[in-house]
Amino acid sequence: MDDTRSPPISANLIWSLRALAQDAETQFRLYQCYDEAADDLVLDFESHLRSEPANFLSENPDIKCLDDLITSKSGIVGYWNKDAMLHSKFWQNIRTNAKMILLQREFPVTAPEPLNFTFINVDEADRRWNLFARLRAIIGL
């Protein structure tokens, strides 16, 4: 019997694909922010890609296509903010590509569970535990 299924991918990468496939408002909720959500989404995706085997992208052309789409706008102002996520064709293409990958691989297209992190604004953090505050105290600033 010929096995034509795609090579397995990690749970973390599946989480990222599911997050990328969601509408902007859901993505903002997943990352508990508006201003950095675009960067966080793609940085997590890239991080999870780097955790896959060396030949992963050559064996997964669908995911390589999504990665190429994302990197095509890397560093270009105007693609990595709230307005772009809400209104740009670029972000709609990211979502469509991620959703197609999930559907073809028969993974859920629903939103993943939120990250198991507590986001703390540095200004709200307890200064006793804030690394920067400790450093400032040590060097006398």
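What you see is a predicted model, and the numbers here were worked out from it, not measured in a lab.

Conventions adopted
- Residues numbered from 1 in each chain as written.
- Predicted model: local features only at pLDDT ≥ 70, side-chain atom pairs only at ≥ 80, totals over all residues.
- Heavy atoms only, no water.
- Helix = DSSP H or I, 4+ residues; strand = E, 2+ residues; numbered from the N terminus.
- Buried < 20%, exposed > 50% of the residue type's maximum accessible area, 1.4 Å probe, protein only.
- Contact = heavy atoms within 4.5 Å.
- Areas by Shrake-Rupley, 256 points an atom, 1.4 Å probe, with all protein chains shown as cover.
- Axes fitted to C-alpha atoms, helices over the stretch in contact; angles between N-to-C directions.
- Parallel < 35°, antiparallel > 145°, perpendicular 65-115°, else oblique.
- Nonpolar A, V, L, I, M, F, W, Y, C, P; charged D, E, K, R; others polar.
- Phe/Tyr/Trp six-rings, centres within 6.5 Å; stacked < 30°, edge-to-face > 60°.
- Left-handed = near helix turned anticlockwise from the far one by under 90°.

Draft legend 1. A look at the overall build of the chain. Helix and strand counts for the chain come out as eight helices and zero strands. What you see in the chain, going N to C, is helices and strands ordered as α-α-α-α-α-α-α-α. Across the 141 residues in the chain, those meeting the buried criterion constitute 35%. Nonlocal contacts in the chain, meaning residues at least 24 apart in sequence, comprise 67% of its contacts between residues at least 6 apart. For the chain, the accessible area works out to roughly 9300 Å², and carbon and sulfur atoms hold 55% of it.

Draft legend 2. Inspection of the packing of helix 2 (residues 24–31) against helix 3 (residues 37–50) at higher detail. With their axes 10 Å apart at the nearest point, helix 2 and helix 3 run at an angle of 80° to one another. Between helix 2 and helix 3, the interaxial angle falls into the category roughly perpendicular. The residues of helix 3 that touch helix 2, namely those facing Gln-27, Phe-28 and Tyr-31, are Ala-37, Asp-40, Leu-41 and Asp-44. Along the lines of polarity and charge, the residues of the contact of helix 2 with helix 3 split into four nonpolar, one polar and two charged.

Draft legend 3. Geometry of unusual backbone geometry. Residues other than glycine seldom take positive phi values, yet Gln-32 does so here, at roughly 55°. With respect to the helices and strands, the residue Gln-32 is situated in the loop between helix 2 and helix 3. On the accessibility criterion, Gln-32 (46% relative accessible area) is partly exposed. Phi at Glu-106 takes a positive value of approximately 60°, unusual for a residue other than glycine.

Draft legend 4. Structural context of helix 1 (residues 11–20). Extensive coverage of helix 1 is indicated by the burial of eight of its ten residues. Every buried residue of helix 1 is listed here: Leu-13, Ile-14, Trp-15, Ser-16, Leu-17, Arg-18, Ala-19 and Leu-20. If you follow the buried residues of helix 1, they end up packed against helix 2, helix 3, helix 4 (56–59), helix 5 (61–72) and helix 7 (89–104).

Draft legend 5. Seen up close, the packing of aromatic side chains. All told, the structure shown has six aromatic pairs when counted by the stated rule. Ring geometry for Tyr-79 and Phe-90: centres 5.2 Å apart, planes at 75°, overall edge-to-face. With Tyr-79 in the loop between helix 5 and helix 6 (82–87) and Phe-90 in helix 7, this pair connects stretches of sequence that are eleven residues apart. Residue classification places Tyr-79 among the partly exposed positions, given a relative accessible area of 25%. Among the residues examined, Phe-90 registers a relative accessible area of 6% and is labelled buried. Pairwise contacts between aromatic rings join Tyr-79, Trp-80, Phe-90 and Trp-91 into one cluster.

Draft legend 6. Up close: the packing of helix 1 against helix 5. At a minimum axis distance of 13 Å, the contact between helix 1 and helix 5 shows a crossing angle of 60°. Here helix 5 runs oblique to helix 1, going by the angle between their axes. Note on packing geometry: the crossing formed by helix 1 with helix 5 is left-handed. Between helix 1, through Leu-13, Leu-17 and Leu-20, and helix 5, the contact on the second element is made entirely by Ile-63, Leu-66 and Ile-70. Each residue belonging to the contact of helix 1 with helix 5 can be placed in one class, and the counts come to six nonpolar, no polar and no charged.

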